[in-house]
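Close look at the chain arrangement
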Amino acid sequence: MSSLIYRSASRAARSALSASRASPFFFEGRAVAAAATTAFRGKFSSLSSFYEKANSKSASQGWIAGALSLLQVSYMLQDQEAHAAELERTFIAIKPDGVQRGLIAEIVSRFERKGYKLVAIKLVVPSKEFAQKHYHDLKERPFFNGLCDFLSSGPVLAMVWEGEGVIKYGRKLIGATDPQKSEPGTIRGDLAVVVGRNIIHGSDGPETAKDEISLWFEPTDLVSYTSNAEKWIYGVN
Ligand code: IDP
Ligand code: MG
């Protein structure tokens, strides 16, 4: 648990330090303070009390407090580097059939209830050229043209979800490509019948996730934030 809180603190610190956008800074600055307080209360409790004592003694000892602050920030940044690779994100899209059938809330709630975090979302009607880019690896397949026509035929709900193992497990939540073979309990297994109308897309690996996120979203569309639920979703005993 403490490592997770600590990680959140680091993430918040990184966000605050790297934020060039003015508006989120206040929020993230508060997150740094809150998360750092929590982290120090646990992992750095002895360090913190030493810090407080040093602060209360005299101004001449201010340098101790300053040095400790620097040490704390440096710990946080090191931790952020160590955990940066774990901040996994995937691209998920509800295709026009899912949107038209009113399945947005149902599908979003499955990812939310699992414990994944929504970091970007938008409703768009992609052009055919855009659909061809998205499905470029299928261009030799006989259904490619029809598939791209279909994807560009109506609104698509494009999203980025974040969480540990979200790329692989997102695919599990979605189920097999052909709903005839998807297990009950999966999105396609429960909500779709044929492969041509299987309602949802999910990146199939880390490289695809990276490419698809950058195809559908600008970097500034992705919102970094610490969810209150994280400390209850992650933890090591
Ligand atoms: P995936 O969506 O499970 O990753 P892919 O093999 O990447 O599956 O195929 C992309 C999409 O192409 C599928 O979701 C489905 O909409 C469509 N598709 C795949 N195979 C067929 C097919 O045999 N006939 C028609 N459409 C297909
Ligand atoms: Mg695929």
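Rules of the game
Residues numbered from 1 in each chain as written. Chains lettered and ligands numbered in written order. Predicted model: local features only at pLDDT ≥ 70, side-chain atom pairs only at ≥ 80, totals over all residues. Heavy atoms only, no water. Buried < 20%, exposed > 50% of the residue type's maximum accessible area, 1.4 Å probe, protein only. Helix = DSSP H or I, 4+ residues; strand = E, 2+ residues; numbered from the N terminus. Pairing = 2+ DSSP bridges. Near = heavy atom within 4 Å. Polar contact = N/O pair within 3.5 Å; in protein donor to acceptor, adjacent residues only side chain to side chain. Areas by Shrake-Rupley, 256 points an atom, 1.4 Å probe, with all protein chains shown as cover. Phe/Tyr/Trp six-rings, centres within 6.5 Å; stacked < 30°, edge-to-face > 60°.

Considerations on the pairing of strand β1 (residues 89–94)
Most of β1 is tucked away, with six of its six residues classed as buried. Neither face of β1 is exposed, since Arg89, Phe91 and Ala93 on one face and Thr90, Ile92 and Ile94 on the opposite face are all buried. With six bridges connecting them, β1 and strand β3 (residues 156–162) associate as antiparallel partners. Note that in β3 the partner of Ala93 across the bridge is Ala158. The pairing of β1 with strand β4 (residues 200–202) spans three bridges and is antiparallel. Pairing of Ile92 across the sheet is with Gly202, part of β4.

Examining the site of ligand 1
Every residue near ligand 1 is listed here: Lys95, Tyr135, Leu138, Phe143, Leu147, Arg171, Thr177, Arg188, Val195 and Asn198. Between ligand 1 and the protein, one listed contact pairs an oxygen atom with a side-chain N or O atom of Thr177 at 2.5 Å. When ligand 1 is considered free in solution it has 530 Å² of accessible area, and contact with the protein chains removes 76% of it.

Quick look at the packing of aromatic side chains
One pass over the structure, following the stated rule, counts four aromatic pairs. Centroid distance Phe91 to Trp216: 5.0 Å. Interplanar angle 25 degrees. Geometry classified as stacked. Within this pair, whereas Phe91 is found in strand β1, its partner Trp216 is found in helix α11 (residues 206–216), the two being separated by 125 residues in sequence. Look at Phe91 and you get buried, because its relative accessible area is 0%. Judged by its relative accessible area of 4%, Trp216 is buried. Measuring from centroid to centroid gives 4.7 Å for Phe130 and Trp216, while their planes differ by 85 degrees, and the two rings are edge-to-face. Of this pair, Phe130 sits in helix α7 (residues 128–134) while Trp216 sits in helix α11, and the two are 86 residues apart along the sequence.

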